[in-house]
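Architecture and fold: a report
Each chain, letter by letter, is given below.
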Amino acid sequence: AGGSEGPRSARSHAEEDDAFQGDPGFSGGGEGAEEPEEMFKDQIMKQLEEQAFSVDEAHNILTIHFGTASGDPVKDAVLSEWCSEVGTNNEEKQFKPVEEMSDDERKLALREVAQWLFQ
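Structure report, in brief. Along each chain, the written sequence defines residue order, and numbers are assigned to residues from 1. Whole-chain, interface and lining totals are the exception, using all residues; otherwise, since this is a predicted model, local features are given only for residues with pLDDT of at least 70 and side-chain atom pairs are given and counted only at 80 or more. The basis for every side-chain value is the complete set of heavy atoms in the structure, and neither hydrogens nor water enter the calculation.

So, about the packing of helix 3 (residues 55-66) against helix 5 (residues 103-118). Close contact between helix 3 and helix 5 brings their axes to 8 Å; oriented N to C, the two are set at 130°. The pairing of helix 3 with helix 5 is recorded here as oblique in orientation. You can see that helix 3 and helix 5 cross each other, and the crossing is right-handed. Counted together, Val 55, Asp 56, Ala 58, His 59, Leu 62, Thr 63 and Phe 66 of helix 3 and Arg 106, Lys 107, Leu 110, Arg 111, Val 113, Ala 114, Gln 115, Leu 117 and Phe 118 of helix 5 form the full contact between these two elements. Axis geometry follows a simple rule: fit a line to the C-alpha atoms, using only the stretch in contact for helices, then measure angles between N-to-C directions, giving values from 0 to 180 degrees. Runs of E in the DSSP output that reach at least two residues are strands. Runs of H or I that reach at least four are helices, and both are numbered from the N terminus. The cut-offs work like this: below 35 degrees is roughly parallel, past 145 is roughly antiparallel, 65 to 115 is roughly perpendicular, and the gaps in between are oblique. Here a crossing is called left-handed whenever its near helix is offset anticlockwise from the far helix by less than a right angle, and right-handed whenever the offset is clockwise. Pairs of residues are marked as contacts when any of their non-hydrogen atoms sit within 4.5 Å.

Before going further, it helps to spend a moment on the environment of Asp 72. Following the sequence through the fold, Asp 72 ends up in the loop between helix 3 and helix 4 (73-89). The class of Asp 72 is partly exposed, set by a relative accessible area of 34%. In this structure, the C-alpha to C-alpha distance between Asp 72 and Glu 99, residues 27 residues apart in sequence, is 9.7 Å. Two N or O atoms form a polar contact when they lie within 3.5 Å of each other; inside protein one atom must be a possible hydrogen donor and the other a possible acceptor, and for residues adjacent in sequence the pair counts only when both atoms belong to side chains. A distance of 2.9 Å separates a polar atom in the side chain of Asp 72 from the backbone nitrogen of Val 74. One polar contact links the side chain of Asp 72 to the main-chain amide nitrogen of Lys 75, over a distance of 3.2 Å. Note on exposure labels: buried denotes an accessible area under 20% of the residue type's maximum, exposed denotes more than 50%, and partly exposed covers the range between, all computed with a 1.4 Å probe on protein chains only.

With that settled, the discussion passes to the packing of aromatic side chains. Pairing of aromatic rings covers Phe, Tyr and Trp, the last through its six-membered ring, and needs centres within 6.5 Å; plane angles under 30 degrees mean stacked, over 60 mean edge-to-face, and all others mean tilted. Taken as a whole, this structure holds two aromatic pairs when the rule is applied. Taking 5.3 Å as the distance between ring centres and 85° as the angle between the ring planes, the aromatic pair formed by Phe 40 and Phe 66 counts as edge-to-face. Highlighted residues: Phe 40 in helix 2 (residues 36-51) and Phe 66 in helix 3, separated in sequence by 26 residues. For Phe 40, a relative accessible area of 9% translates into the label buried. Summarising the aromatic geometry, the rings of Phe 66 and Trp 82 are spaced 6.0 Å apart at their centres and angled 70° between planes, so their arrangement reads as edge-to-face. Placement of Phe 66 in helix 3 and of Trp 82 in helix 4 is noted, with a sequence separation of 16 residues between them.

Let us now look at helix 5. By this rule, a helix spans an expected 1.5 Å times one less than how many residues it contains. Taking 1.5 Å of rise per residue, the 16 residues of helix 5 would be expected to cover 22 Å, and the 22 Å separating its terminal C-alpha atoms lies within 8% of that figure. Of all the residues in helix 5, the buried ones are Arg 106, Ala 109, Leu 110, Glu 112, Val 113 and Ala 114.

The subject of this paragraph is the packing of helix 2 against helix 3. Relative to each other, helix 2 and helix 3 sit at 150°, their axes nearing to 10 Å. Classified by the angle between their axes, helix 2 and helix 3 sit roughly antiparallel to one another. Helix-helix and strand crossings are classified by hand; for helix 2 and helix 3 the assignment is right-handed. Along its contact with helix 2, which presents Phe 40, Gln 43, Ile 44, Gln 47, Leu 48 and Gln 51, the element helix 3 presents Glu 57, Ala 58, Ile 61, Leu 62, His 65 and Phe 66. Residue polarity follows a fixed list, in which Ala, Val, Leu, Ile, Met, Phe, Trp, Tyr, Cys and Pro are nonpolar, Asp, Glu, Lys and Arg are charged, and the others, Gly among them, are polar. The residue inventory of the contact of helix 2 with helix 3, partitioned by class, reads seven nonpolar, four polar and one charged.

Here it is as structure tokens:
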């Protein structure tokens, strides 16, 4: 993929997702601006696209962005969404709520998310 094409295609893909996922929780103000969760997701996906060529690299990038403890509402919301995606696709990988995860459980969840995103 060309260097300048990647981020643009990822962003338009995210906008398409927004169009199809009419999340009632996010309706209302801020029509022009992206939600903080979407901006954070775009930032991570762009970095993964440019730098992650293995699951280990993807896991390292996620660990840098998400850390090992909860507390940031934007990061926790994105991680919760991705954990539910992983769990939806695999019955064995059901995660407890992000806010209740221990450091080790969070690291494990980030590993599973890295594998899922990298597929």
